[in-house]
Amino acid sequence: MAELIRVSKQGVDVLGSAGTVPNNLIFDSNLNTFKIVASGTTTGTIPSGSLGTIHVAHGLSFTPPVTAFVKRRGFTNALTVGAFRFFPQDDYKFFSASADPGSVNFEINNTSSNAGTFDISYFCFEIPL
Amino acid sequence: MGMTMRVSLPGYDCLTDGTIDHYSIYADSDNVLIKEFSRGTINIGPTFPNNQGTITHSLGYIPLAFSFANSGGTQVFVSGNDLSSSFPFHMNVGTSNIVLTNNKGGTITFSYFIFYDQL
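## Digging into the overall build of chain B
Stage number 1. Looking only at helices and strands, chain B features zero helices and nine strands.
Stage number 2. Counted from the first residue to the last, chain B has its helices and strands arranged as β-β-β-β-β-β-β-β-β.
Stage number 3. Here chain B has a C-alpha radius of gyration of 18 Å; the compact-globule value for 119 residues is 14 Å, and the former is much larger.
Stage number 4. Along the first, second and third principal axes, the C-alpha atoms of chain B reach 55 × 30 × 20 Å.
Stage number 5. Relative to all contacts within chain B whose residues are 6 or more apart in sequence, the contacts with residues 24 or more apart total 59%.
Stage number 6. Averaging the positions of the 4 positive and the 8 negative side-chain charges in chain B gives two centres separated by 10 Å.

What follows is the structure in structure tokens.
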């Protein structure tokens, strides 16, 4: 019999039939757990009414899949890629997160009439197929 | 008491440390590790209707899913909204499939990961 480790969610009997349903589990050693291989933060300033790209070196030996969250300095909401907020809120659009062999890159369209400083948290994932 | 599984990072005591980012694994009912259902790649493009690709998952619910587009050697995170003219790709996730769209032209290779974890 193959060995495995399973941890069920609260209220689920890991030894019963419900314990074989992946959505009822916290962890299953038979299933790959998607791994973050690198993460970090960076900051950049983008002029008013401008589309800018903020870069940071990822330090990996390959081009990783990446996602990120950005928050405009002085505001409270963090945006995911593809999200945007209009004036009188944060007034910018998070266009894209991408990675090339050397760096991770974040396109932000600052639609405000003021220059903005943007704080970014990013996560690089395991190599895709 | 609910079950938990924790593996601390070097220098931290997993029996006493309550800070979640001091752990390489911190799993309980409120912090579930995401479990991979399937992964793969699909080539999409260049023009309508071939600028969309569908991956069937048949899970019966909307799962967590990620997709990344390889645009000239740059890996681009694919969101639900293609705001960027440089990377005009987007993804929709449904209860039986995910649909990827390439509005850049040419043929783009998308990598996708679908998880058992329900949104």
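## A word on the pattern of salt bridges
Stage number 1. Throughout the structure, instances matching the rule amount to seven salt bridges over all chains.
Stage number 2. When the shortest N-O distance is used, the salt bridge between Arg85(A) and Asp90(A) registers 2.6 Å.
Stage number 3. A residue is classified by how much of its surface remains accessible, and Asp90(A), at 2% relative accessible area, is buried.
Stage number 4. Between Arg39(B) and Glu36(B) there is a salt bridge whose closest N-O contact spans 2.8 Å.
Stage number 5. Ionic contacts of the salt-bridge type, sharing partners, join the residues Lys35(A), Glu126(A), Glu36(B) and Arg39(B) into one network.

## As for the interface of chain B and chain A
Stage number 1. With 36 residues of chain B at the contact, the number on the chain A side is 38 residues.
Stage number 2. At the boundary of chain B with chain A, total buried surface from both sides reaches about 3000 Å², with 65% on carbon and sulfur atoms.
Stage number 3. Contact with chain A buries surface across chain B, with Lys35(B), Gln75(B) and Leu83(B) losing the most and accounting together for 20% of the total.
Stage number 4. One can count one salt bridge joining chain B with chain A.

## Some points on the sheet that holds strand β5 (residues 66-72) of chain A
Consider a sheet: its strands pair through backbone hydrogen bonds, and that pairing is either parallel or antiparallel.
All names here are of chain A.
Stage number 1. Here we have four strands laid out as an open sheet, ordered β3-β10-β5-β6, and antiparallel in their pairing. Only two strands of the sheet have a single partner each, and these edge strands are β3 (36-46) and β6 (78-80). Across the sheet, the axes of successive neighbouring strands diverge by a mean angle of 25 degrees, strand direction being ignored.
Stage number 2. In this structure, β5 lies alongside strand β10 (residues 116-125), joined through seven bridges in antiparallel fashion.

## Points about the layout of surface pockets
Stage number 1. Looking at the largest pocket, its volume works out to about 970 Å³.
Stage number 2. Forming the walls of the largest pocket are 27 residues, and the residues nearest its centre are Phe34(A), Ile36(A), Phe123(A), Ser24(B) and Leu33(B).
Stage number 3. Only β3, β5 and β10 of chain A together with β2 (23-27) and β5 (63-71) of chain B provide two or more residues apiece to the lining of the largest pocket.
Stage number 4. Split into classes, the residues belonging to the lining of the largest pocket amount to 16 nonpolar, eight polar and three charged.

## Considering the packing of aromatic side chains
Stage number 1. Taken as a whole and assessed by the stated rule, the structure comprises 17 aromatic pairs over all chains.
Stage number 2. Look at Phe106(A) and Tyr122(A): their rings are 6.0 Å apart centre to centre, the planes differ by 40 degrees, and that puts the pair in the tilted class. Linking Phe106(A) in strand β9 (residues 103-110) with Tyr122(A) in strand β10, this pair joins segments that are 16 residues apart in sequence.
Stage number 3. Its relative accessible area of 7% is what places Tyr122(A) among the buried residues.
Stage number 4. Centre to centre, the rings of Phe66(B) and Phe115(B) are 5.7 Å apart; their planes meet at 75 degrees, and the pair counts as edge-to-face. Of the two residues, Phe66(B) is situated in strand β5 and Phe115(B) in strand β9 (residues 108-118); the sequence distance between them amounts to 49 residues.
Stage number 5. Residue Phe66(B) is classed as buried on the basis of its relative accessible area of 14%.
Stage number 6. By relative accessible area, which is 0% here, Phe115(B) ends up buried.
Stage number 7. An aromatic cluster is present here, built from Phe34(A), Phe125(A), Phe66(B), Phe68(B), Phe77(B), Phe113(B) and Phe115(B) joined pairwise through their rings.

## Structural notes on empty space enclosed by the protein
Stage number 1. Here the structure, examined in full by the defined rule, presents one cavity of 30 Å³ or more.
Stage number 2. Taken as a whole, the largest cavity holds about 50 Å³ of empty space.
Stage number 3. Taken together, Phe95(A), Ser96(A), Val76(B), Phe77(B), Val78(B), Ser79(B), Asn81(B), Asp82(B), Leu83(B), Ser84(B), Phe87(B) and Phe89(B) form the lining of the largest cavity.
Stage number 4. Elements that contribute at least two residues to the lining of the largest cavity include exactly β8 (92-99) of chain A together with β6 (74-77) of chain B.
Stage number 5. The class makeup of the residues in the lining of the largest cavity is seven nonpolar, four polar and one charged.

Rules behind the numbers
The residue count restarts for each chain, going from 1 along the sequence in the order it is written. Going through the entries in the order they are written, you letter the chains from A and number the ligands from 1. Local features in a predicted model are, by the rule used here, given only for residues with pLDDT of at least 70; side-chain atom pairs are given and counted only at 80 or more, and totals for whole chains, interfaces and linings are based on all residues. Hydrogens and water are ignored here; the side-chain numbers use all heavy atoms of the structure. Working definition: helices are DSSP H or I runs of at least four residues, strands are E runs of at least two. Numbering for both runs from the N terminus. The atom set for the radius of gyration is the C-alpha atoms, and the globule formula is 2.2 Å times the number of residues raised to the power 0.38. Throughout, a residue-residue contact means that at least one pair of heavy atoms, one from each residue, lies within 4.5 Å. By the counting rule applied here, Lys and Arg register as positive and Asp and Glu as negative, while His and the ends of each chain are not counted. Charge positions are represented by NZ for Lys, CZ for Arg, CG for Asp and CD for Glu. Each salt bridge in this description consists of a side-chain nitrogen of Lys or Arg and a carboxyl oxygen of Asp or Glu lying within 4 Å of one another. Classification of residues uses two cut-offs on accessible area relative to the type maximum, computed with a 1.4 Å probe and protein chains only: under 20% is buried, over 50% is exposed, and between them is partly exposed. Two parts lose some accessible area (1.4 Å probe) when they are put together, and adding that loss for both gives the buried area. By the convention used here, strands pair only if DSSP detects at least 2 bridges between them. To define axes, lines are fitted to C-alpha atoms, for helices over the stretch in contact only, and angles between the resulting N-to-C directions are given on a 0 to 180 degree scale. Here a cavity denotes a set of grid points, spaced 1 Å apart and computed over the protein atoms alone, in which a 1.4 Å probe fits but from which it cannot get out, and a pocket denotes an open set meeting protein on both sides within 12 Å along at least five of seven lines; residues with an atom within 4 Å of a point are reported as lining. Grid points are joined across faces, edges and corners, and a volume is the space filled by probe spheres set on the points. Three categories are distinguished: nonpolar for Ala, Val, Leu, Ile, Met, Phe, Trp, Tyr, Cys and Pro, charged for Asp, Glu, Lys and Arg, and polar for the others, with Gly belonging to the last. Two rings from Phe, Tyr or Trp (for Trp, the six-membered ring) form a pair when their centres are within 6.5 Å of each other. A pair whose planes differ by under 30 degrees is stacked, one over 60 is edge-to-face, and the rest are tilted.

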